[in-house]
Amino acid sequence: MNYTFHWRPAFRALPEMLAGSLVTLQIAVLSMVIGIAIAVLLAVMTGSKSSWLRGIAATWIEVARNTPALFQIYIAYFGLGQIGIHLDSYLALLAGITFNNAGYLAETFRGGLRAVPQTQVRAARSLGFGPVAAFRLIVLPQLFRAVFHPMTNQMVWAILMTSLGVVVGVSTDLTGVTQELNVRTFRTFEYFAIAAVLYYLIAKVVTLGARLIAWRLFRY
Amino acid sequence: MTYTFQWGEALKHLPYLLEGAWLSLILAFLGFWGGALIGLFGAVGKVYGGRLIYRIVDLYVVFFTNTPALVQIFFLFYALPEVGILLPPFTAVLIGLILNSGAYLTEIQRAGFISVRQTEIEAAEVLGMSLAQIVRYVIVPHIAKTLFAPLSSFYIWLVLGTSMASIFGVEELTGRAINISTTNFRTIEIFSVTALIYIAITILASAVLALIGRYAFRVRAKIF
């Protein structure tokens, strides 16, 4: 136990780590936005009449929920490269997390869709709404209201998952930056402590932001 | 797209991969029960403890659920040696998983404790049950019923979380898949087989959990 703490050099690296936090947040937000779009599609597909569409959606959901996120990122990076789709590490990380998010969210949305009574859709159709308009104006708002809380959870998940990018060589996100500083200076303890606190702060800010949005949109 | 699949290469390594899957399951099992023990104390402290204990447990839970498990294990594996605590990879990963799942399981079990209704306990007392009987016949079945679904889905989630061990050199399923694919470059075949193994073990685990739930706790658990 003769380790002397040197917090000052660690704090001097704070701007770099904050920049890393922004990248982490950026990846998480992007993966959520794309993931939500895909998840709505998948959730609708699970209820479709075509067995092909149902099969594709079910496969996506099963694979995304039953294999590790780390493994999915590996596939996006190493596996896709083999068949000629070369993603750089940032995109591979984004693709992996988006795939994972879409699978988990699709399952949540499927439950949320059931919370919207079919009779409302029929009522909307009889009032002259087209199928798309009925879905967009009647079903979607209620769906998002029902699944808002699990969606926030998934967002925090996405933030935590971005740390896995370090295995495919993402060096700009918070874990990547921390790891690089660590390799350069060997002040492991200090850097990882700061990184942990930063992750905590990002997650907290996101949760608070989500609560604010929920209050603004749904008044609860 | 001139890729020729060679499934034989992947299937040749199946026993090696399955051994890795076994290690994943063991890690998840130990991590789960270690975490469940911490979670039990945490939940009891949060529900029945005083203000101070509540605060301490809450700090632990909030901190460990809001930072990545990867960073926690990094910390154990790379930072602790600097203060003289040298952990082998397997132990570091296991401790990391236990601490991480302990935080989640505290919250899950707390929900179970809260769900026990005071009136049920009072009714049991009126009927003349002893404390042991109340715990055995009223509290435990109730908690088991409410907690079964979240606990089993957390277990599945933990099985997937063990893949992080591969980063620290523990050769579980993901680690072994990477090992093979870097020697023979049949990445797609190896990864597809690995994905199927993961799906198989998680479905198997949920089936076993559903059976246990059905016969031990009379939970109407669906396997699929």
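Residues numbered from 1 in each chain as written. Chains lettered and ligands numbered in written order. Predicted model: local features only at pLDDT ≥ 70, side-chain atom pairs only at ≥ 80, totals over all residues. Heavy atoms only, no water.

1. As for the overall build of chain B
Here comes step 1: Summing up its helical and strand segments, chain B has nine helices and zero strands in all.
Here comes step 2: Moving toward the C terminus, one meets the helices and strands of chain B in the order α-α-α-α-α-α-α-α-α.
Here comes step 3: The dimensions of chain B, computed from C-alpha atoms along their principal axes, are 75 × 45 × 30 Å.
Here comes step 4: Burial analysis of chain B (224 residues in total) assigns 51% to the buried set.
Here comes step 5: Working note: accessible area of chain B is about 11,500 Å², and carbon and sulfur atoms make up 70% of it.
Here comes step 6: The averaged location of the 11 negative side-chain charges in chain B is 11 Å from the averaged location of its 14 positive side-chain charges. (Helix = DSSP H or I, 4+ residues; strand = E, 2+ residues; numbered from the N terminus. Buried < 20%, exposed > 50% of the residue type's maximum accessible area, 1.4 Å probe, protein only. Areas by Shrake-Rupley, 256 points an atom, 1.4 Å probe, with all protein chains shown as cover. Lys, Arg positive; Asp, Glu negative; His and termini not counted. Charge placed at Lys NZ, Arg CZ, Asp CG, Glu CD.)

2. A look at the overall build of chain A
Here comes step 1: When its secondary structure is counted, chain A shows nine helices and zero strands.
Here comes step 2: In sequence order, the secondary structure elements of chain A are arranged as α-α-α-α-α-α-α-α-α.
Here comes step 3: By the burial criterion, 47% of the 220 residues in chain A qualify as buried.
Here comes step 4: Excluding contacts between residues fewer than 6 apart, the proportion of contacts in chain A whose partners are at least 24 apart in sequence is 77%.
Here comes step 5: Taken as a whole, chain A presents about 11,100 Å² of accessible surface, with 67% of it coming from carbon and sulfur.
Here comes step 6: Placing the 17 positive and 7 negative side-chain charges of chain A at their respective mean positions leaves the two points 19 Å apart. (Contact = heavy atoms within 4.5 Å.)

3. Let's talk about the pattern of salt bridges
Residue and element names in this part refer to chain B.
Here comes step 1: A complete count under the given rule lists seven salt bridges over all chains for this structure.
Here comes step 2: As a salt-bridge pair, Glu107 and Arg110 come within 3.4 Å of each other at their nearest N and O atoms. Taken together, the residues span about one helical turn, with Glu107 and Arg110 both in helix α5 (residues 89–115) at a distance of three residues.
Here comes step 3: On the accessibility criterion, Arg110 (22% relative accessible area) is partly exposed. (Salt bridge = Lys/Arg side-chain N within 4 Å of Asp/Glu carboxyl O.)

4. Here's the deal with a nonpolar patch on the surface
All names here are of chain B.
Here comes step 1: A cluster of nonpolar side chains, Trp22, Ile26, Phe29, Leu30 and Trp33, forms an exposed patch at the surface whose accessible area comes to about 550 Å².
Here comes step 2: When you line up the elements, Leu30 lands in helix α2 (residues 14–48).
Here comes step 3: Relative accessible area serves as the criterion here: at 38%, Leu30 is assigned to the partly exposed category. (Patch = residues over 30% accessible without salt bridge, like charges linked within 9 Å, V, L, I, M, F, W, Y side chains within 5 Å.)

5. Some points on the packing of α2 of chain B against helix α9 (residues 187–216) of chain B
All names here are of chain B.
Here comes step 1: Closest axis-to-axis distance for the α2/α9 pair is 11 Å, and the angle between their directions is 40°. Regarding the angle of α2 to α9, the classification is oblique. Handedness of the α2/α9 crossing: right-handed. Between α2 and α9, the residues in contact are Leu14, Leu17, Leu18, Ala21, Ser24 and Leu25 and Val193, Thr194, Ile197, Tyr198 and Ile201, respectively.
Here comes step 2: Partitioned by chemical class, the residues of the contact of α2 with α9 number nine nonpolar, two polar and no charged. (Axes fitted to C-alpha atoms, helices over the stretch in contact; angles between N-to-C directions. Parallel < 35°, antiparallel > 145°, perpendicular 65-115°, else oblique. Left-handed = near helix turned anticlockwise from the far one by under 90°. Nonpolar A, V, L, I, M, F, W, Y, C, P; charged D, E, K, R; others polar.)

6. Describing the confidence of the model for chain B
Here comes step 1: For chain B, per-residue confidence averages 86 on the pLDDT scale, and 96% of positions sit at 70 or higher.
Here comes step 2: The spread of mean pLDDT over the elements of chain B runs between helix α1 (residues 7–12) of chain B, the lowest at 77, and helix α3 (residues 51–65) of chain B, the highest at 92. (pLDDT = per-residue confidence, 0-100.)

7. Comments concerning the interface of chain B and chain A
Here comes step 1: Of the residues lining the interface, 38 residues belong to chain B; the matching set on chain A comes to 36 residues.
Here comes step 2: Our count for the contact surface shared by chain B and chain A stands at zero salt bridges.
Here comes step 3: Here chain B is connected to chain A by one residue pair in polar contact (both at pLDDT 80 or more).
Here comes step 4: Looking at the side of chain B that touches chain A, the elements with two or more residues in it are α3, α4 (69–79), α7 (131–161), α8 (173–184) and α9 of chain B.
Here comes step 5: Residue contributions to the side of chain B that touches chain A peak at nine residues, all from α9 of chain B.
Here comes step 6: Partitioning the side of chain B that touches chain A into residue classes produces 27 nonpolar, nine polar and two charged. (Polar contact = N/O pair within 3.5 Å; in protein donor to acceptor, adjacent residues only side chain to side chain.)

8. A word on the nonpolar core
Buried together is how nonpolar side chains tend to be arranged in soluble globular proteins.
Here comes step 1: Counting residues in hydrophobic clusters, the biggest one holds 121 residues, and the most contacted among them are Met17, Phe109 and Met151 of chain A together with Val93 of chain B.
Here comes step 2: If one sorts the elements of this core by residue count, helix α9 (residues 188–218) of chain A sits on top with 14 residues.
Here comes step 3: Discounting residues that sit within four places of it in the chain, Val93 of chain B has contacts with Leu27, Ile73, Ala165, Phe168 and Val170 of chain B.
Here comes step 4: Counting five residues, the second-largest nonpolar core is a separate cluster that includes Val57, Tyr60, Val61 and Phe64 of chain B. (Core = buried A, V, L, I, M, F, W, Y, C linked by side-chain atoms within 4.5 Å.)

9. Some thoughts on empty space enclosed by the protein
All names here are of chain B.
Here comes step 1: For the coordinates displayed, the defined rule picks out one cavity of 30 Å³ or more.
Here comes step 2: Its volume calculated, the largest cavity comes out at about 30 Å³.
Here comes step 3: Around the largest cavity sit Ala69, Leu97, Asn100, Trp157, Leu158, Gly161 and Met164, which together line it.
Here comes step 4: Of all the secondary-structure elements, those providing two or more residues to the lining of the largest cavity are α5 and α7.
Here comes step 5: Per-element accounting of the lining of the largest cavity gives the leading share, three residues, to α7.
Here comes step 6: Its residues placed into classes, the lining of the largest cavity shows five nonpolar, two polar and no charged. (1 Å grid on protein atoms, 1.4 Å probe; cavity = no way out; pocket = protein on both sides within 12 Å on 5 of 7 lines; lining within 4 Å. Points joined across faces, edges and corners; volume = space filled by probe spheres on them.)

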